[in-house]
Amino acid sequence: MRLPICIPPLVFARVIGLVLLLSGGARAFGETLSFEKDIRPILKAQCFHCHGEEGEKRGQLDVRLRRFLVQGGKSGPAIVPGDPAGSHLLEMIESGEMPKEKPRLPEREIETIRRWIAAGAPTARPEPEKIGSEASFTEEERKWWSLQPIVRRDPPATSGEPHPIDAFLGARLREMNLSFAESATPEVLIRRVTFDLTGLPPSPEEIAAYTAAHAKDPTIAWNSLLDRLLASPAYGETWARHWLDVAGYADSDGFTEADTERPHAHRYRDYVIQALNEDKPFDVFIREQLAGDEIAAMERLHPDSPGAGRERYATLLAATGFLRMGPDGTATKNDVGTRNACISATVKIVGTALYGLTIGCAECHDHRYDPITQADYYRLRAVFEPGFDPSAWRVPNARLVSLQTTAAKAESAKIETEARKLDEARTVKQNEFIAEVLGKELEKRPAEIRATLRTAFETPAAKRTAAQTALLKAHPTIEKLSGGSLYLYDTTYRTKHADTLKKMADEAAAVRARKPREDFVHAFTEVARDPGAMPVTKVFHRGDPESPKEAVRPGDLSVLASFRVTGIPEDDPALSSSGRRLALARALTDGSHPLLARVLVNRVWMHHFGKGIVTSPGDFGRLGAAPSHPELLDWLAARFVDQGWSLKDLHRLILTSKAWRQSSNGSDRAASVDPDNRWLSHQNVRRLGAETIRDSLLAVSGKLNRKMGGPPVPVMFTEEGQVVIGVDTTDTAGRQTGKFIPLNGEEFRRSVYIQVRRSRQLDMFATFDAPSMTEANCEVRPLTTVSPQSLLLMNHLEMREHARHFAERLRADAAADPEKCILAAWRLAYGRPPSPAESARAREFLVAQTAFYRSNPATLERVSGPQDKEPAPAETLGLTALCHAVMSANEFLYLD
């Protein structure tokens, strides 16, 4: 009989920890470590900056090659192959002395270095004789999965699933001894898909119609439902919000505390909504955003183009707002650093949105983890440099493009001439009045100083002598006399000079009001230049714009040069602009670029499943997550391109899969072997986004205003410092005036139309993880569960106002019948009737609250505007309290 081996708990824990530690290292035991694959990435991230990069060799040590480590520096050899204990590099790393001014390396990385040295410090291949630009990255780094061509594979036949998505997912589930969950109920599915596609809850009538159709033919009912939702204008509004996150959309410039407004940025937001509703092919969508102005020039479009041509011109220019979304503080701080920050933000947006890479990390040096050189960063920047042109910078307002026609401009000029004649007449009359009042004021002064006073007054302020200035200060009623202060003298002299001048100013304003409206576009354009006069882009030493080095030509990432052309023409002779952006846009959307299609389909997948196949949608590089299903990602990307880049077709494909329509109830085995649901054996429970929560509150309360497009709904600070929807009526000193300007229902519009003021984010948006866009863009929203969310739902005045509107709707629709109100509340908020137990508890709560308010009368509060003076009926207050509770429940906030 074999006795069991007894291991003390502490020893056992250390053994397990060591096993876990080593299994999490770069390579498992039994596999050969190499400098190129396992060691160089660690040293590159932590040590190259001081030991080898840009000629920097502290302690005379270069760590970029294995033989340099053996050669060593001032302290002797850095490593002794086969002898970890005798290797100075390992000693310094283990002690935490290196890397300097950085945290100690993770134990798994230290262990990887120790094992590599112990194995003799092998390399994967002979090292280069010298390090040049061609040796900046190893073969392993260049072979990173996302930088390889998309591979078109057939779905696996082994899973037995007819739907291609289910075939890929099912094959992996079989390997894990897992299977898909059962299908969700019709009631759950219509709520889930309606939120997914429109960002709004389905109405009780829509739920009833779908469940009835589903009972007859589930497939026809489902396809018809998808067709209806994809055709809804709300679809474009919801999916535009996803794209606007990535584009960094904001209605203000940010960067400085001034946070100046962008009154015309909304045209880009409206362009995105319209493009998505029209299912504009995504390759066209990308090209228009990168080079809409150059496309317009190719098509010879301009404001005077007839018919649809003028509208297309405006659309193409609005699309380029994508390149104007980054923070731009040059309206208030126009220096070299602020200009450079604006360009850097734009490159970051392009990199994360279209490449899915942190290209911005190569601004100061070669990328520490991905095969992107510093020169690559500036090659990409050179594509956009002619539009920014730092040496001839245009502040934000100077970049606005007028859409006014030549005829309208001529008409405006004619009207302006007429108005100026009235201005001139007013100026003459004003001078007459000033002279009249001056004469009367001088008559009050001693005769001997009148002439001197008159001369001092009539002398321009900048040319007055000290004596004249002092004399006028001694006679303030003369010193302060001006056109703007004449009203102060009207009472004294019983005149009506101010009224006369106001009437004349009003006449001029009335004339100017006849001018044709002039619309502007917040666009990205280039100033026409002579051939060969394009701005030169240079690499900045350590990213410092004050330290330019060698010039670079525009181009794509050089790592892609092994299978595609990466150069970009510097100057297209067919265009008045450089043509660089159009060339890049065409290259990105030619169907063979390895990144764009992968990045786009992954983002769509993320919004349907709660997380992407790559869970770091803005980083497909080494620091990002590996794809859970790489073959599926490539298949989706290839199909997306082959099917004409149709986003709506991609939605239909995903939403008809068993994987998406399955229940969120996972099995016990799934919880054990796949707790994060990486393999999708059930659907993920998802919380609604911040904007969707607000829109849902408006929808169920019956207040939602479906108006589309146009200028944003403004936001303001309250006296308490909260940000709410409303017109800012503070004075020039920033003080609240107490004035209230009604918005006439605009305050109930969808959240995508609420002003995105970087320094003024609505409390609900901030609390529920909406981006403030203080950074360049938002690659993926965080998902938090924190106490302020519950506190906001329970206590915020906005929630109480939503509850009030919900109660008013229920009382109107259900004739104030408590039973009917409870039933309607559950159907509207949750898409289902209440259970008998829920009904009973709701009745008890309603009775108790109504009784409380009979004994404690209260008014119903409003977020802004005049407050009610009389107490509200106790029945209304009681029902409002119930509606508040219903709207604050998890079932309202989450999707099964």
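Residues numbered from 1 in each chain as written. Predicted model: local features only at pLDDT ≥ 70, side-chain atom pairs only at ≥ 80, totals over all residues. Heavy atoms only, no water.

> Teacher, can you tell me more about the overall build of the chain here?
The number of helices and strands found in the chain is 36 helices and eight strands. Counting only C-alpha atoms and orienting by the principal axes, one finds that the chain spans roughly 125 × 80 × 60 Å. In the chain, which comprises 896 residues, the share counted as buried stands at 50%. Taking as baseline every contact in the chain between residues at least 6 positions apart, the subset at least 24 positions apart corresponds to 70%. Here the chain has roughly 41300 Å² of accessible surface; of this, 54% comes from carbon and sulfur atoms. Computed over 117 positive and 119 negative side-chain charges, the inter-centroid distance for the chain is 2 Å. (Helix = DSSP H or I, 4+ residues; strand = E, 2+ residues; numbered from the N terminus. Buried < 20%, exposed > 50% of the residue type's maximum accessible area, 1.4 Å probe, protein only. Contact = heavy atoms within 4.5 Å. Areas by Shrake-Rupley, 256 points an atom, 1.4 Å probe, with all protein chains shown as cover. Lys, Arg positive; Asp, Glu negative; His and termini not counted. Charge placed at Lys NZ, Arg CZ, Asp CG, Glu CD.)

> Sorry if this is basic, but what is going on with the pattern of salt bridges here?
Scanning the entire structure with this criterion turns up 70 salt bridges. Its salt-bridge partner being Glu 808, residue Arg 804 comes within 3.2 Å of it at the nearest N-O pair. With Arg 804 and Glu 808 both in helix H32 (residues 797–813) and four residues apart, this pair spans about one turn of that helix. The exposure class of Arg 804 is buried, given its relative accessible area of 7%. Using a relative accessible area of 34% as the deciding quantity, one classes Glu 808 as partly exposed. Among the charged side chains, a salt-bridge network with shared partners connects Glu 416, Arg 420, Asp 423, Arg 512 and Lys 515. (Salt bridge = Lys/Arg side-chain N within 4 Å of Asp/Glu carboxyl O.)

> What should I look at first to understand unusual backbone geometry in this one?
Here Met 98 and Pro 99 are connected by a cis peptide whose omega angle stands at -5°. Here Pro 99 lies in the loop between helix H4 (88–95) and helix H5 (107–118). The backbone of Phe 255 shows a phi angle near 70°, a positive value even though the residue is not glycine. Tracing the sequence through the fold places Phe 255 in the loop between helix H11 (233–247) and helix H12 (266–277). The phi angle at Asn 744 is positive, at roughly 55°, despite the residue not being glycine. For Asn 744, a relative accessible area of 71% gives the class exposed.

> In this structure, what is going on with the nonpolar core? I would like to understand it.
Trp 243, Phe 322, Leu 354 and Tyr 355 are the most contacted members of the largest nonpolar core, which totals 127 residues. Per-element tally for this core: the top contributor is helix H15 (residues 336–355), with nine residues. If near-sequence neighbours (up to four positions away) are discounted, Leu 354 is found in contact with Trp 243, Ile 286, Leu 290, Phe 322, Ile 349, Leu 588, Leu 595, Leu 596 and Val 599. Residues Leu 688, Leu 697, Ala 842 and Leu 893 belong to the second largest nonpolar core, which totals 42 residues. (Core = buried A, V, L, I, M, F, W, Y, C linked by side-chain atoms within 4.5 Å.)

> What is the right way to look at the packing of H11 against H12 in this model?
The axes of two packed helices give the description: the angle between them and the distance between them. It is at 8 Å that the axes of H11 and H12 come closest, and there the two elements cross at 125°. Taken as axis vectors, H11 and H12 run oblique relative to one another. Judged by the sense of rotation from one axis to the other, the crossing of H11 with H12 is right-handed. Residue-level inspection shows Pro 233, Tyr 235, Gly 236, Glu 237, Trp 239, Ala 240, Trp 243, Leu 244 and Ala 247 of H11 in contact with H12, the latter providing Tyr 268, Arg 269, Val 272, Ile 273, Leu 276 and Asn 277. Along the lines of polarity and charge, the residues of the contact of H11 with H12 split into eleven nonpolar, two polar and two charged. (Axes fitted to C-alpha atoms, helices over the stretch in contact; angles between N-to-C directions. Parallel < 35°, antiparallel > 145°, perpendicular 65-115°, else oblique. Left-handed = near helix turned anticlockwise from the far one by under 90°. Nonpolar A, V, L, I, M, F, W, Y, C, P; charged D, E, K, R; others polar.)

> Before we go on, may I ask you to explain the packing of aromatic side chains in this structure?
Between two aromatic rings, the relevant description is the distance of the centres plus the angle of the planes. One pass over the full model with this rule turns up 20 aromatic pairs. Ring geometry for Tyr 377 and Tyr 378: centres 4.9 Å apart, planes at 80°, overall edge-to-face. Here the aromatic residues Trp 243, Tyr 268, Tyr 271, Phe 282, Phe 285, Phe 322, Phe 640 and Trp 645 are joined through ring pairs into a cluster of three or more. Positioned above the aromatic ring of Tyr 753, the side-chain terminus of Arg 749 is 4.3 Å from the ring centre. (Phe/Tyr/Trp six-rings, centres within 6.5 Å; stacked < 30°, edge-to-face > 60°. Lys NZ or Arg CZ within 6 Å of the ring centre and 35° of its normal.)

> Is there a simple way to think about helix H31 (residues 787–795) in this case?
At 3.6 residues per turn, the α-helix brings residues three or four places apart onto the same side. Listing the buried residues of H31 in full gives Gln 789, Leu 792 and Leu 793. Down the axis of H31, the sector holding all buried residues measures 95°, keeping them to one side. (Arc of directions from axis to C-beta.)

> Would you explain the environment of Ala 407 in this entry?
By the element assignment, Ala 407 lies in helix H17 (residues 406–443). The class for Ala 407 is exposed, based on a relative accessible area of 59%. Here the alpha-carbon distance between Ala 407 and Asp 304, two residues 103 residues apart in the chain, equals 8.4 Å.

> Please explain the state of the cysteines as it appears in this structure.
Covalent bonding between the sulfur atoms of two cysteines is what defines a disulfide. Overall, the coordinates contain zero disulfides when judged by the stated rule. Cys 364 takes part in no disulfide bond, and the closest cysteine sulfur, belonging to Cys 361, lies 9.3 Å away. Cys 364 gets classed as partly exposed once you look at its relative accessible area, which sits at 30%. Here Cys 821 stays unpaired: no disulfide links it, and the sulfur of Cys 883, its closest cysteine neighbor, is 7.8 Å away. Classification of Cys 821 as buried rests on a relative accessible area of 2%. (Disulfide = S-S within 2.5 Å.)

> For this particular structure, what's the right way to read the side chain of Thr 352?
Inspection of the secondary structure assignment puts Thr 352 in helix H15. Separated by 3.5 Å, the side chain of Thr 352 and the backbone oxygen of Ile 349 make a polar contact. Filtering out sequence-adjacent residues up to four positions away, Thr 352 remains in contact with Leu 357, Val 599, Arg 603, Pro 617, Gly 618, Asn 777 and Glu 779. (Polar contact = N/O pair within 3.5 Å; in protein donor to acceptor, adjacent residues only side chain to side chain.)

> Got a minute to help me understand H5 in this structure?
Along its twelve residues, H5 runs 16 Å from first to last C-alpha, staying within 8% of the 16 Å computed at 1.5 Å per residue. Those residues of H5 that sit buried are Glu 109, Ile 110, Glu 111, Thr 112, Ile 113, Arg 115, Trp 116 and Ile 117. Just downstream of H5, Gly 120 is the residue with a positive phi angle, here 100°. (Expected span 1.5 Å × (residues − 1).)

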